[in-house]
Amino acid sequence: MRAGQRRTKATFERRAKVPDGRGNFDGETWSTLCEARGSFAPGSTRDALSADRLDPRVGARFEVLSTSATRGVRASDRVRIGGETYQIRGPGMDPDGRGRTLIFTLEGGAET
């Protein structure tokens, strides 16, 4: 991936427990894991049945440089791109086996 293709800024986030100050946890929040620039390619929209209604789900792909931070991204994390939040649907895939880039499959919709 050439530098000119890395135009989209993204923030990868991980769910974190919020301590209540008494040794317990009060809830959960999302904290920033890392930021990266990459190539964003929106995919198609599909409808999913959820609680007796249709929810539009948008698939997408995001390709970033492989760094120690981006290699640590998990499927349980999420990514914010251009004001939209996407759920990561799997570990980053190394497209050519050279360890230079990772491609994440994303899904936006009701469960993010």
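First things first, this report covers the structure right here in the doc. Every value quoted in this text rests on a predicted model; they were computed, and no experiment measured them.

Brief notes about the overall build of the protein chain
So, step 1. In terms of helices and strands, the protein chain carries one helix and six strands.
So, step 2. For the protein chain, with 112 residues in total, the buried portion stands at 29%.
So, step 3. Across the protein chain, the fraction of contacts at a sequence separation of at least 24, relative to all contacts at a separation of at least 6, is 53%.
So, step 4. By element, 45% of the accessible surface of the protein chain is carried by carbon and sulfur atoms, the whole surface being about 7,100 Å².

Description of the pairing of strand E4 (residues 78–81)
Looking along a regular strand, one sees side chains alternate from face to face of the sheet.
So, step 1. Where strand E1 (residues 8–19) meets E4, four bridges bridge the pair, whose relative direction is antiparallel. Bridge pairing in E4 places Thr11 opposite Arg80.
So, step 2. As defined by bridge partners, E4 adjoins strand E5 (residues 84–88) across four bridges and the pair is classed as antiparallel. Across the sheet, the residue bridging to Arg78 is Gln87, located in E5.
So, step 3. The turn linking E4 back onto E5 is made up of two residues, and Gly82 within it adopts a positive phi angle of 55°.

Here we look at the environment of Pro91
So, step 1. Locating Pro91 in the fold gives a position in the loop between E5 and strand E6 (101–108).
So, step 2. When the C-alpha positions of Pro91 and Thr105 are compared, they lie 8.1 Å apart, and in sequence the two are 14 residues distant.
So, step 3. Apart from residues lying up to four places away in sequence, Pro91 is in contact with Ile103 and Phe104.

Remarks on the pattern of salt bridges
So, step 1. Enumeration over the complete set of coordinates arrives at six salt bridges.
So, step 2. Its salt-bridge partner being Lys9, residue Glu35 comes within 3.7 Å of it at the nearest N-O pair. Of this pair, Glu35 sits in strand E2 (residues 25–50) while Lys9 sits in strand E1, and the two are 26 residues apart along the sequence.
So, step 3. Using a relative accessible area of 44% as the deciding quantity, one classes Lys9 as partly exposed.
So, step 4. Arg78 is paired through a salt bridge with Glu13; the nearest N and O atoms lie 2.6 Å apart. Of this pair, Arg78 sits in strand E4 while Glu13 sits in strand E1; the two residues are 65 residues apart in sequence, bridging distant segments of the chain.
So, step 5. Of the residues examined, Glu13 reaches a relative accessible area of 9% and is grouped as buried.

Some points on the side chain of Asp77
So, step 1. Along the polypeptide, Asp77 turns up in the loop between helix H1 (68–71) and E4.
So, step 2. Excluding residues that lie within four positions of it along the chain, Asp77 makes contacts with Glu13, Arg14, Trp30, Leu33, Gly72, Gln87 and Ile88.

Structural notes on the nonpolar core
The tendency in soluble globular proteins is for nonpolar side chains to be buried side by side.
So, step 1. One finds Phe12, Phe62, Val79, Ile81, Ile88, Phe104 and Leu106 to be the most contacted residues of the largest nonpolar core, which totals 15 residues.
So, step 2. Those elements that place two or more of their residues in this core are E1, E2, strand E3 (53–65), E4, E5 and E6.
So, step 3. Aside from chain neighbours lying at most four places away, what touches Val79 is Ala10, Thr11, Phe12, Glu84, Thr85, Tyr86, Ile88 and Leu106.

Cut-offs used in this document
- Residues numbered from 1 in each chain as written.
- Predicted model: local features only at pLDDT ≥ 70, side-chain atom pairs only at ≥ 80, totals over all residues.
- Heavy atoms only, no water.
- Helix = DSSP H or I, 4+ residues; strand = E, 2+ residues; numbered from the N terminus.
- Buried < 20%, exposed > 50% of the residue type's maximum accessible area, 1.4 Å probe, protein only.
- Contact = heavy atoms within 4.5 Å.
- Areas by Shrake-Rupley, 256 points an atom, 1.4 Å probe, with all protein chains shown as cover.
- Pairing = 2+ DSSP bridges.
- Salt bridge = Lys/Arg side-chain N within 4 Å of Asp/Glu carboxyl O.
- Core = buried A, V, L, I, M, F, W, Y, C linked by side-chain atoms within 4.5 Å.

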